[in-house]
Amino acid sequence: MTKPTLIDLPKICDPRGNLSFIESEGHVPFEVKRCYWIYDVPGGMFRGGHAFREQDELIVALSGSFDVVLNDGSGEQRFHMARSYYGLYVPRMTWRAIDNFSTNSVALVMSSTEYDANDYIEDFNEFIRLKNE
Ligand code: TYD
């Protein structure tokens, strides 16, 4: 999978409350090495604004909503994430930011790599240069 893709996750509907789940082999197109989550985001803030050289990721709005803004070097796409039964697959070498967080939103990120500061591309012009190589 080389393009950003919305992936439907299982949803077990129940009058007691719904349940969704993710299995590394079944629902995520990579082996999950790390999960992290972003929460307590003050109004008007944004996160990200970088790309990863090697990391692929799946982003799920566990609670509330936010927008994931992606740029593959040829144009921008905005995904409004508002349900916890789908995830957005973001392949490596995609510029991404997350904004428009609602109150009490939680963004779960499942990653194909462990944390490595050297995997980050922080400069958009460098990202474009690397994309065009
Ligand atoms: P960063 O990935 O820049 O956050 P965002 O993309 O949401 O703006 O990470 C913020 C800080 O957290 C940075 O100092 C690195 C640290 N961090 C870890 O130590 N481990 C991790 O798994 C992640 C994602 C970040």
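Described below are features of the structure shown in this document. (Residues numbered from 1 in each chain as written. Predicted model: local features only at pLDDT ≥ 70, side-chain atom pairs only at ≥ 80, totals over all residues. Heavy atoms only, no water.)

Overview of the site of the ligand
Then, in step 1: Every residue close to the ligand is listed here: R34, Y36, I38, R47, G48, H50, R96, Y115 and Y120.
Then, in step 2: Between an oxygen atom of the ligand and a side-chain N or O atom of R34, the distance comes to 2.5 Å.
Then, in step 3: Here Y120 contributes a side-chain N or O atom positioned 2.5 Å from an oxygen atom of the ligand.
Then, in step 4: About the coverage of the ligand: the protein hides 60% of its 540 Å² of free accessible area. (Near = heavy atom within 4 Å. Polar contact = N/O pair within 3.5 Å; in protein donor to acceptor, adjacent residues only side chain to side chain. Areas by Shrake-Rupley, 256 points an atom, 1.4 Å probe, with all protein chains shown as cover.)

Focus on the sheet that holds strand β9 (residues 86-90)
Then, in step 1: Pairing within the open sheet is antiparallel, and its five strands lie in the order β1-β9-β6-β11-β4. On the outer flanks of this sheet lie β1 (5-8) and β4 (34-38), each paired with one strand and no other. On average, each strand axis in the sheet is tilted by 25 degrees relative to the strand beside it, whichever way the strands run.
Then, in step 2: With five bridges connecting them, β4 and strand β11 (residues 106-111) associate as antiparallel partners. Paired with Y36 across the two strands is V109, which belongs to β11. (Pairing = 2+ DSSP bridges. Helix = DSSP H or I, 4+ residues; strand = E, 2+ residues; numbered from the N terminus. Axes fitted to C-alpha atoms, helices over the stretch in contact; angles between N-to-C directions.)

Re the sheet that holds strand β8 (residues 76-81)
Then, in step 1: The strand order β8-β7-β10-β5-β12 describes an open sheet built from five strands, whose pairing is antiparallel. Whereas interior strands pair on both sides, the edge strands pair on one side only; in this sheet they are β8 and β12 (120-121).
Then, in step 2: Relative to β12, strand β5 (residues 47-52) runs antiparallel, the two sharing two bridges. Considered in β12, the bridge of F52 is made with Y120.

Overview of the side chain of T94
Then, in step 1: In this structure, T94 sits in the loop between β9 and β10 (95-99).
Then, in step 2: Here P91 takes part through its backbone oxygen, which lies 2.7 Å from a polar atom of the side chain of T94.
Then, in step 3: Excluding residues within four positions of it along the chain, T94 makes contact with H50, A51, F52, L70, N71 and F127. (Contact = heavy atoms within 4.5 Å.)

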